[in-house]
Each structure stands twice: as structure tokens, then as C-alpha cells.
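Inside the fold
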Amino acid sequence: MLHLFNLLHLSGGNSGIGKETAVALALRGARVIIACRDPERAAKAVREIKMRSHNMNVLHMHLDLANLRAIREFCKAFLQKEKRLDILINNAGMPSVLDWTDDNFSMCFGVNHLGHFLLTNLLLGRLKESAPSRIITLTCSNYKYQKLDFQDLNYNLLPFFTYCRSKLANIYFTQELARLMEGKGVTAYSVHPGYVSSAWTCHYSILFRMLMQVVMFMFFVPCELGAQTVVHCAVADGVTQHSGCYFSDCRPAALRPFAKDPSVAKKLWEASERLVGLP
Ligand SMILES: NC(=O)c1ccc[n+]([C@@H]2O[C@H](COP(=O)([O-])OP(=O)(O)OC[C@H]3O[C@@H](n4cnc5c(N)ncnc54)[C@H](OP(=O)(O)O)[C@@H]3O)[C@@H](O)[C@H]2O)c1
């Protein structure tokens with residue numbers, strides 16, 4: 001078990017899997033920071049997390065992952081205020097939507113991958129100072145339906161494929177991050193939470209939502225269960241030897257061969273640095 005937590009929780013803190021992860025870690029005594037784009041939803045979630053965990057050390061900070069400037073401002077404020085960061089959970093995510101971020105990236109790729117990429121990089125120094133520390137990034141088993149196209153990383157045509165690519169990027173990102181952090185006390189994991197009955201359908205039409213209610217009721221697991229593998233990677237002993245791995249059902253899981261190519265992971269890292277303007 002890690003002894004002291006200063007958990008940074010991305011937006012998921014206000015709903016779905018993220019909120020349940022926050023409750024589970026607050027119950028274990030973590031200081032939980034949820035980073036959310038909507039202050040009202042964030043404040044409501046903080047009240048609920050405190051009430052359910054009896055842990056008053058829960059707070060929220062403003063973060064919009066669809067805006068690179070906002071991410072930089074968030075990190076600046078975080079680093080000024082917080083001296084430790086033991087666990088970073090890149091949970092926030094957009095499902096398949098055809099929209100654009102403020103910086104003209106496809107919404108899925110911009111929020112799900114580039115936003116987390118920039119944020120993690122800006123917080124890496126504090127994670128190293130807090131070693132042993134862990135970085136967990138939510139991905140999805142749907143990664144396997146697409147490959148990355150480096151000529152068109154900003155692909156935004158078929159929404160489902162856009163989502164799959166962003167989630168594949170999360171896997172490569174974790175692998176390269178783990179490689180770069182080797183020997184520095186910072187480990188990284190990508191997590192498929194299962195198919196979870198969360199609020200992700202809120203981005204779609206009422207008809208689709210009604211249909212999905214039925215499907216989710218029959219086949220999806222509740223958010224508490226969806227949070228289990230995330231919590232496992234955050235606190236369990238024995239996971240650090242699996243840095244860089246893809247986890248599902250609380251254990252490392254096999255990836256399709258194309259998703260394990262270190263040269264693609266490195267290429268994506270370098271392309272992402274250029275896209276977000278990191279030196
Ligand atoms: N549910 C599943 O079956 C499933 C399966 C595989 C993977 N996942 C992954 O699990 C993660 C959590 O999803 P969930 O199912 O819990 O969905 P959710 O309930 O919709 O939660 C998504 C969270 O992301 C936040 N978010 C979206 N855009 C943001 C932005 N620009 N800036 C900051 N926060 C933003 C949302 O905030 P708002 O409330 O402000 O919108 C929300 O809190 C996602 O990465 C998702 O891809 C989910």
C-alpha cells in the first residue's frame with residue numbers, strides 16, 4: 001500500500017467511474033483533488049465524496065482538458081499549492097463525438113490523449129519528487145478496432161473510430177511514459193474499466209440514451225465495479241513491476257501486437273510534444 005496520497009483526479013471526480021474511484025481512495029484516507037470543468041458539478045461531487053467517505057480532505061480545482069492554455073494554468077496553480085502528488089489518474093474522457101477543442105484538435109484526441117499528455121508532462125517533476133508515485137490512464141478495449149494514422153492524428157470523421165484511436169493513444173502514451181520513467185520511481189498503467197453504466201451517453205440524443213439505458217442495464221457493470229481496476233493500480237502492492245502494462249479486471253491483460261510497438265509509442269510521444277508545444 002502507498003502510505004500518503006495526494007490524488008489528482010481528472011474530472012471523473014464529478015461523475016461515473018472517476019467519482020467512484022475518488023470515493024474508494026478517500027475511504028482509504030487519500031487527500032483527493034478532483035479536477036473538473038464545471039464548478040457546480042464539481043462542488044456537488046465533493047460534497048457527495050466527503051459524505052460517503054467521511055473524509056473531509058477532498059477538494060476540486062478547475063480544469064478544462066479541451067483547452068491547452070487552461071491545462072497550463074491548472075498545472076501552475078496546482079504546483080504552487082500542492083507539494084506532493086502520489087497518484088495521478090487521467091480519467092476524464094469524451095466518447096465518440098464529432099467536435100473540436102479550443103485548439104482545433106478533434107475533441108476525442110484532444111481531450112482523451114493530448115490533454116492528458118500535456119497535463120502529465122507538466123506534473124512529472126512533482127510526481128518524481130513524490131516517488132514512489134503512479135500514473136493511471138483510462139483507456140478502453142475498443143482500442144483494438146483502429147490504428148493510428150500519423151498523417152492524420154487529428155482524424156475526426158467516424159466518431160467511433162475517433163474514440164478508438166484516442167484510447168489506443170492512451171495505451172502507447174502509458175508505455176512510453178513507463179519507459180521514460182524507468183528507475184525514477186514513477187510507474188504508469190493504462191486501465192480498461194470494463195463496460196460501465198456511467199453518464200457517457202449524455203453527449204447523445206434522447207433516443208440513443210433511451211436505447212443505451214436498456215443495453216447498459218442488461219450488459220454493463222455499475223460504476224463502483226468500473227472503478228475497481230483503477231483503484232487496484234493506484235494502491236495494490238505488486239503492480240509496480242508491471243509499469244507500462246494494460247490492466248483489465250485487476251490484472252495485466254494481453255494487447256494486440258500492433259498496440260505494443262515501442263517505435264509507434266515513441267513516435268506518438270514526439271508528435272504529441274510538437275502538437276501541444278512542449279520543448
Ligand atoms: N463507461 C464505459 O463503459 C467506459 C469503457 C471504457 C473506458 N471508459 C473510460 O473511462 C473514463 C471515465 O468515463 P465514464 O464512463 O466515467 O464517463 P463519464 O461519467 O461521462 O465521465 C467522464 C468525465 O470526463 C469529464 N470530461 C469530459 N470532457 C472534459 C474536459 N474537456 N475537461 C475536463 N473534464 C472533462 C466529464 O466532465 P463533465 O461532467 O463536465 O462532462 C466527466 O466527469 C473515460 O476516459 C472513458 O473513456 C469508459
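Residues numbered from 1 in each chain as written. Predicted model: local features only at pLDDT ≥ 70, side-chain atom pairs only at ≥ 80, totals over all residues. Heavy atoms only, no water.

Per an unreviewed UniProt entry, the chain goes by the name Si:dkey-174n20.1 and belongs to Paramormyrops kingsleyae. Entered under Sequence similarities (unreviewed entry) in the UniProt record, the comment concerning the chain runs "Belongs to the short-chain dehydrogenases/reductases (SDR) family." (UniProt positions renumbered as here; feature names shortened; annotations may be inferred.)

Applying the stated rule across the entire model yields zero disulfides. Between Cys108, a free cysteine, and Cys164, which holds the nearest cysteine sulfur, the sulfur-to-sulfur gap is 9.1 Å. With relative accessibility at 0%, the residue Cys108 sits in the buried group. With no disulfide of its own, Cys245 lies closest to Cys233 among cysteine sulfurs, the gap being 9.4 Å. (Disulfide = S-S within 2.5 Å. Buried < 20%, exposed > 50% of the residue type's maximum accessible area, 1.4 Å probe, protein only.)

Time to look at helix 9 (residues 262–276). Between its terminal C-alpha atoms helix 9 stretches 21 Å, which fits the 21 Å expected from 15 residues at 1.5 Å a residue. Buried within helix 9 we find Val264, Ala265, Leu268, Trp269, Ala271, Ser272 and Val276. Where helix 9 is buried, its residues meet helix 3 (68–81), helix 4 (107–129) and helix 5 (159–180). Phi for Gly277, located one or two positions after helix 9, is positive at around 80 degrees. (Helix = DSSP H or I, 4+ residues; strand = E, 2+ residues; numbered from the N terminus. Expected span 1.5 Å × (residues − 1). Contact = heavy atoms within 4.5 Å.)

Looking now at the packing of helix 4 against helix 5. Between helix 4 and helix 5, the least distance of the axes is 7 Å, while the angle of their chain directions is 20 degrees. As judged from the angle between their axes, helix 4 and helix 5 are roughly parallel. For the pair formed by helix 4 and helix 5, the contact residues are Cys108, Phe109, Asn112, His113, His116, Phe117, Thr120 and Leu124 on the first element and Thr162, Tyr163, Ser166, Lys167, Ala169, Asn170, Phe173 and Leu177 on the second. (Axes fitted to C-alpha atoms, helices over the stretch in contact; angles between N-to-C directions. Parallel < 35°, antiparallel > 145°, perpendicular 65-115°, else oblique.)

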